[in-house]
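So you can see what is in the structure, the chains are spelled out below.
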Amino acid sequence: MIAFKLAYKNLLGAGLRTWLNVSVLSLAFVLIIFYNAMIDGWNRQGRNDTQNWEIAQGQYWHPEYDKYDVYTINDAHQALINPIQKHVDAGRMVPELLQQASIYPQGRMQSIILRGIPSEQSVLKLPTHLLKSDSEELIALIGKRMAKASKLKLNDTVLLRWRDKNGTFDAAEMRIGGIFNCDVAEIDNGQIYISYALMQNMMGLSNEATLLVDKLGMGEQFSDWDFKSPSFLLKELDELINSERISGMVMQLILLLIALLAIFDTQILAIFRRKKEIGTYIALGLTRQQVVRVFTIEGGMHSVLAALLGAVYGIPLFMWIDSVGINFGSADMGITIAERVYPYYSLQLVLITIVVVVVSSTIVSFIPARKIARMKPTDALKGKM
Amino acid sequence: MCKRFILIGVLLMAIIAVLKSQTANEIMQKIDDNMSSENRVVESSMTIHGRRNSRTITSVSYTVGTEKSFTEYLSPPREKGTKMLKLEDRLWTYYPANDRIVQISGHMLRQSVMGSDLSYEDMMDDRQLTEVYVAVVESKEEIDGRSIFVLKLTAKVDDAAYHSRKLWVDAEYYLPTKEELYAKSGQLLKRTQLSDFQKVDGRWYPMKMNFKDVLKQGEGTDWEIISIRFNEEIPDYLFSKAALKQ
Amino acid sequence: MIKFLIKGILRDKSRSLLPVIVVSLGVFLTVFMSGWMKGIFGDMIDMNANYTMGHVKVMTRAYAENEEQIPNDLALLDVDALTRQLSAEYPNVEWVRRIMFGGLLDVPDENGETRAQGPAAGRAVDLLSPDFKEAERLNIPKSLVQGRMPQQQGEVLISDEFARRFNVAIGDDISILGSTMYGSMVVPTFTVCGTLNFGMAMLDRGAIIMDITDAELAFDMQDAAGELLGYFKDGQYNDDEALLMRESFNAVYSDVNDEFSPQMVRLRDEATLKQYLEMADNMSAMMVMIFVIAMSIVLWNTGLLGGLRRYTEYGVRLALGEEKGHIFRTIIYEALMIGSIGSVLGSALGIGISYYLQENGIDFSAMMKNVTMMMPTVYRAKVTPDLFYIGFIPGLLAMTLGNALAGYAIYKRKTAQLFKELEV
């Protein structure tokens, strides 16, 4: 206990130097926590957005359906069997029917995927209520990327051409009833949403779907429907985030190294300058190990003070960032990243960071302090090595 | 009394309707008689108007009935030797450059042929009008000094690519001068103009056609018959994959 | 006096060695960190530049309009002449042709008939010219799963996923059912010499990569290209220069009334990328600033300590009659020297390692097991001009400032007191 008290007093006694070291270390603290919180925030938002807008707790796919192969889409649909229909009626599942179709904005043909989705669904965040229509009018919902690519604006009309189940051409004017803003590029690029019921009519199908979005994720098995779990559907995002995390680690490590360098430097000089003090301690009856401990704790305590200092300016800073978010624009690489990322500070993250910083600074404090153990008390008292 | 008149009236109208539709179906039958045949050999050129330039491709095709067809491209050099075999609803193409036979199936059939306004499906759908549609005469008009029947055709089968068609039929030649293809909803999708009617082997045949996908910009695709012969001997071995490689 | 000081620094290791080590280490870390940051933030930009945008990109107006549909019929013509002109006008830019194409991948059986088909997303780049960096740019060598890079015409790489799904082995033939730029249907056949996995479903599905000369032949695109991409020869995207280039090029070559006239866009014209670039600029500037400040504090500390530990010496020197001002000046000179030596060493090391990592990258793939992502399993730093001076800010300035602060104490203390510290 005496070691702690002594260390604390010595540290505060050193004044400016201590605070310089502590402030550098606190920067490392704040930055490490901030960076990881950003990544966690991105991850959580990305997952949440994908789940809220696209996959909920998983999807059941028609066995032929392959998200990346448009050629599979037209034949991948089947009727909803009874247990599934029950889930749909209860609002636990949302069927989606996918078909290829074309639109002709400004006389140019553009291939799209037409997605029928029940307008009354509430599992996904898509504003499908906009698809409700009392008249015969064909109302479509598109995302902001699609709107940009096809140069369509709200309430514009565009000709849609599709083929029904028999291959007969059909075409109709379609009004853009809503443009949604969503970070999940995959449900936006080249996709047009219309009412599920209307699409069944258009295709001459009755209650057939390509995929089912599952609200609860109970993992129930149905024959002829393949369940795809969220972890399967989110694999790419997970990998991307993992790789960003690793690239961040290098940066954090360097920053931590700088801070540790400061402590190390301080320790070496402290021991050099305070030989008399060391001698005095030993003369007063402390064992060398105890003296080593005093110095180690003194060095290590920088990190404790740094944590406190970091908290003093870090917490308000984090709170501020949390209220405004960090603008990432919308870097569209087909990856899901929110326009505004809000960092997510987990207790685990803070604790791990504290442990890492405290342990590493204690270690760098200990290394120079070992020298003390080799000193002769008489020489030390005189200030000689 | 009143009732009887009404009954007679209804009956008369029904008879007229039947007669009228019969005439319409008869007209359609006459078009089919002109346009389709047991077999034919056609040498033709297709001019595709691109945004940048136009290209003309010549080919010769051998057709038996509506199911079998064999086409060989003659020019330009790039296309020469390329062959196409259609058996029922299957299509193969042969490329001499690397001796490959490629099956064109599924969605590729909906692609345009050599950048034209025609899809493979359009080319392959050789069924007679009477097989697919029922017709009514919508009106009789005088256009450019010729009397024209305007026929409205509506699909009677499920798998017609175009749910309805409108034909402007020349009353003398029983050939359409213009044809419009409609989607189920009534949206106009494609327009064909036929001209230069000539009598070949006792039947009238259009020697020039222009196909236009009206949803797209552009001038459409011109098709011109260089020569056409009906009822030729076409050996059966031509309609085999082996013949593609010869 | 400087000679004398240098001797002092060299002979008294406690005066020289430790401070120099600390300064150079600190400078090294700052420099390396900046380079690393630039590299990491540049990743996404480089991805965009390397795969689709180039640093600048020339297309016909009509092609640009419908770019996502890959309208090769609207491709640039007379590309050789255009490339020559561009190379002459902008000598610091490397110009490369790219042809993208869609269609169907068609796998033949032993009779040359279709065995399997799948959608194709093709990319033709210069793989065979020895001095082109295109393969590296697209990260092809590192994405190879089986086989090898194409070494002659007629050899192509296909997606590993496709190869497995349809049982295509190395050495097998594969055809592309596509069309020439004039609309003719063609089915060129190639030999598969390797399979690829970029790790992004977007890039991997139906991917086929071939040399540009093969695509020219196959799709009738001699002297034509969908896109002509320009890369600054130093590898760095320079926005100001790109802007100037775009303006001057478009003023001369681009004609609003001719939809086939060429048009240049720069990397930053991609609207979504623009935001990202701006954010990356801000973020890295912020991070580097934090770093410089942190490092300055550390080195200031070092300077301060270096001054403090020599109080005894100053006492002696004062006792010998040296003026306070003179002592202070020597302290500053010494700090400047140590700071310079440390900064030069640290910068050299930092730039050296950054350069090494720019060329080679650190492969973290071992840390990311089962990861199929192409992009950042290999991280790279980037050497930018500011790396050459950024280290001097903490190295020289902070070190001197720290020493000055320590030296200032001399004025505050009485000679007698300093002299007292002489006692042994």
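Residues numbered from 1 in each chain as written. Chains lettered and ligands numbered in written order. Predicted model: local features only at pLDDT ≥ 70, side-chain atom pairs only at ≥ 80, totals over all residues. Heavy atoms only, no water.

Caption draft 1: Quick look at the pairing of strand S8 (residues 191-195) of chain A. Residue and element names in this part refer to chain A. Extensive coverage of S8 is indicated by the burial of five of its five residues. Where strand S4 (residues 110-117) lies against S8, five bridges are found, and the strand directions are parallel. Note that in S8 the partner of Ile-113 across the bridge is Gln-191. (Buried < 20%, exposed > 50% of the residue type's maximum accessible area, 1.4 Å probe, protein only. Helix = DSSP H or I, 4+ residues; strand = E, 2+ residues; numbered from the N terminus. Pairing = 2+ DSSP bridges.)

Caption draft 2: Geometry of the packing of helix H12 (residues 311-319) of chain C against helix H13 (residues 324-359) of chain C. Residue and element names in this part refer to chain C. Taken N-terminus to C-terminus, the directions of H12 and H13 make an angle of 140°; their axes are 10 Å apart at the nearest point. Classified by the interaxial angle, the pair formed by H12 and H13 is oblique. In this structure, the crossing between H12 and H13 has a hand that is right-handed. Taking contact as the criterion, the partners of Tyr-314, Arg-317 and Leu-318 in H12 are, on H13, Lys-324, Ile-327, Thr-330 and Ile-331. Looking at side-chain class alone, the contact of H12 with H13 contains four nonpolar, one polar and two charged residues. (Axes fitted to C-alpha atoms, helices over the stretch in contact; angles between N-to-C directions. Parallel < 35°, antiparallel > 145°, perpendicular 65-115°, else oblique. Left-handed = near helix turned anticlockwise from the far one by under 90°. Contact = heavy atoms within 4.5 Å. Nonpolar A, V, L, I, M, F, W, Y, C, P; charged D, E, K, R; others polar.)

Caption draft 3: Here's a closer look at the interface of chain B and chain C. With 20 residues of chain B in contact, the opposing surface of chain C contributes 32 residues. Of the roughly 2,200 Å² buried where chain B meets chain C, counting both sides, 46% is carbon and sulfur surface. For the pair chain B and chain C, the number of links is three salt bridges. One salt bridge in this structure joins Arg78(B) and Asp220(C), with 3.2 Å as the shortest N-O distance. Put simply, chain B and chain C have 15 residue pairs in polar contact (both at pLDDT 80 or more) between them. It is strand S6 (residues 100-104) of chain B that provides the largest number of residues to the side of chain B that touches chain C, a total of five residues. (Buried area = accessible area lost by both parts, 1.4 Å probe. Salt bridge = Lys/Arg side-chain N within 4 Å of Asp/Glu carboxyl O. Polar contact = N/O pair within 3.5 Å; in protein donor to acceptor, adjacent residues only side chain to side chain.)

Caption draft 4: A look at the domain arrangement of chain B. Residues and elements named next belong to chain B. As assigned here, chain B comprises domain 1 (21-35 + 127-220) and domain 2 (39-116 + 232-244). Taking only C-alpha atoms into account, the centre of domain 1 sits 24 Å from that of domain 2. Listed as interface residues are five residues of domain 1 and, on the opposing side, four residues of domain 2. Buried area between domain 1 and domain 2, both sides added, is near 400 Å², and the carbon and sulfur share of it is 42%. Considering only the side of domain 1, the residues that lose the most area to domain 2 are Tyr-205, Glu-219 and Gly-220, jointly responsible for 55% of the buried surface there. (Domains from an automatic or database assignment.)

Caption draft 5: Representation of the domain arrangement of chain A within the structure. Taken domain by domain, chain A comprises domain 1 (2-52 + 236-382) and domain 2 (59-228). A separation of 51 Å is found between the C-alpha centroids of domain 1 of chain A and domain 2 of chain A.

Caption draft 6: Here's a closer look at the nonpolar core. Ranked by internal contacts, the top residues of the largest apolar core, which has 101 residues, are Leu126(A), Phe180(A), Ile187(A) and Trp36(C). The element best represented in this core is helix H2 (residues 16-55) of chain A, accounting for 19 residues. Filtering out sequence-adjacent residues up to four positions away, Ile187(A) remains in contact with Trp53(A), Glu54(A), Leu126(A), Phe180(A), Cys182(A) and Tyr193(A). If you look at the next biggest cluster of nonpolar residues, it comprises 53 residues, including Val93(C), Ile212(C), Ala224(C) and Met264(C). (Core = buried A, V, L, I, M, F, W, Y, C linked by side-chain atoms within 4.5 Å.)

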